[in-house]
Structure formats: C-alpha cells, structure tokens
Amino acid sequence: ATDGATVTLYAKWDANEYDITFHEEGGSTVSDQTVVFDSTTNNEVAVPNREGYTFNGWFTQQSGGIMVYNADGTCAKNTAYWDLNGKWINPDDVILYAQWTANTYTLTYDTKGGSPLEDQTVTFDSPYIGESPERVGYIFDRWFKDTAYTQPITIGSTLVKTAADHSIYAKWNP
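Definitions and cut-offs
Residues numbered from 1 in each chain as written. Predicted model: local features only at pLDDT ≥ 70, side-chain atom pairs only at ≥ 80, totals over all residues. Heavy atoms only, no water. Helix = DSSP H or I, 4+ residues; strand = E, 2+ residues; numbered from the N terminus. Rg over C-alpha atoms; globule rule 2.2 N^0.38 Å. Buried < 20%, exposed > 50% of the residue type's maximum accessible area, 1.4 Å probe, protein only. Areas by Shrake-Rupley, 256 points an atom, 1.4 Å probe, with all protein chains shown as cover. Lys, Arg positive; Asp, Glu negative; His and termini not counted. Charge placed at Lys NZ, Arg CZ, Asp CG, Glu CD. Patch = residues over 30% accessible without salt bridge, like charges linked within 9 Å, V, L, I, M, F, W, Y side chains within 5 Å. Salt bridge = Lys/Arg side-chain N within 4 Å of Asp/Glu carboxyl O.

A short note on the overall build of the protein
Here's step 1: The secondary structure content of the protein amounts to zero helices and 10 strands.
Here's step 2: The C-alpha radius of gyration computed for the protein amounts to 28 Å, which surpasses the reference 16 Å derived for 174 residues by more than 25%, pointing to a less compact arrangement than a globule.
Here's step 3: Across the 174 residues in the protein, those meeting the buried criterion constitute 33%.
Here's step 4: As displayed, the protein has an accessible area near 10,300 Å², and 46% of this comes from carbon and sulfur atoms.
Here's step 5: Each charge class in the protein was averaged separately, 10 positive and 23 negative side chains, and the resulting centres sit 11 Å apart.

Shown next as structure tokens:
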C-alpha cells in the first residue's frame, strides 16, 4: 500500500472444536468425538449395545439431564447443544452418559406336574418373582433355570440374567 492509502483488512475465523466424552454405563464402547462449533460435524454417533437393556440416548447426566443424542444416534435438535439444523452451538467440552431401560420378558413356570402358575413379566437385572406350586405327595424343593437342576434360583434374590422369554423349572422331593 502507498502512504496514506486505505487498507481493508479481513478477519479469518476458525470455528472452535469441542470434545465429547462418552460414558457407556455398562454398554459397548463408543469412541469419543470432536465437534466443531456451528457445524454438523459428528451430529450422528454410534449407538451402544447392552444385553438386556434398551438404549434411551446420550444425556448430560447419569439420570435425567439434557438429551444430546437420540436413541438412534442422531443429534437432539433444538437444544442447548444442537440447533434446528443439527449444528453444534454449545461452547464447551461435554461428558455424556448412556441411559438405559431394562427390558422385560415373559417368565413361564414349568411346575413339572405341580399346580399351574400364571406366566409373569420379569425385568432384566431384577430379582425373579413367583411362588411355590403344590403337588400332591411331593414337597417343593426350589426353582431352577435348567431341567438338569444345576442352576438354582432363589425367588426374590436371584437376578434375571436371561435376555429373552424363558422358563424356570420346579424340582420336587417325594
């Protein structure tokens, strides 16, 4: 530029990047991500798996909090984190927590000749529920997970760890 000439300067801005750390809370590993302010970069993430549970989404707290990613891994638009167009608008690093709901399954009681019992709905990672059947001439021993009677169940304390509809089996003593 010549002396006294007007010079126009232009600013060049680079959008800031922020780190997202994922805590899977018992689910499969999800890689941490970097998001770019005012960008759709990483506005979809992997969905973790966890046996016996349904994934509810990524949240800012272990319980409650703000949903940042939906259960299908897409960004939760129109929040303090993503705008309506799926662009990151939060100027901070974030730690997110997977939130889960335990699945329910139908439990069938195979009374092995004892009085019939109604099927029950059981919840994964919760204690088995039920009662003792009756059978003339026999004393009820206990419930088992298998017909070989090698996996005993204590109603009210043994946790449901079968992620499917299933049966338990009565064992009788004469």
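Let's pick the thread back up.
Comments concerning a negative patch on the surface
Here's step 1: A cluster of acidic side chains, namely E17, D19, D32, D92 and D93, defines a negative patch on the protein surface.
Here's step 2: With respect to the helices and strands, D32 occurs in the loop between β1 (17-23) and β2 (33-36).
Here's step 3: Its relative accessible area of 47% is what places D32 among the partly exposed residues.

Examining unusual backbone geometry
Here's step 1: For K112, which is not a glycine, the phi torsion comes out positive at approximately 50 degrees.
Here's step 2: Along the chain, the position of K112 falls in the loop between β6 (104-110) and β7 (120-123).
Here's step 3: In the Ramachandran plot, D125 falls in the positive-phi region, its phi being about 70 degrees despite a non-glycine side chain.
Here's step 4: Along the chain, the position of D125 falls in the loop between β7 and β8 (139-144).

What to know about the pattern of salt bridges
Here's step 1: According to the stated counting rule, one finds four salt bridges in the structure shown.
Here's step 2: Across the pair K171 and D141 runs a salt bridge whose closest N-O atoms are separated by 3.8 Å. You can see K171 sitting in strand β10 (residues 166-173) and its partner D141 sitting in strand β8, a full 30 residues away along the chain.
Here's step 3: Taking the relative accessible area as the measure of exposure, K171 reaches 27% and is therefore partly exposed.

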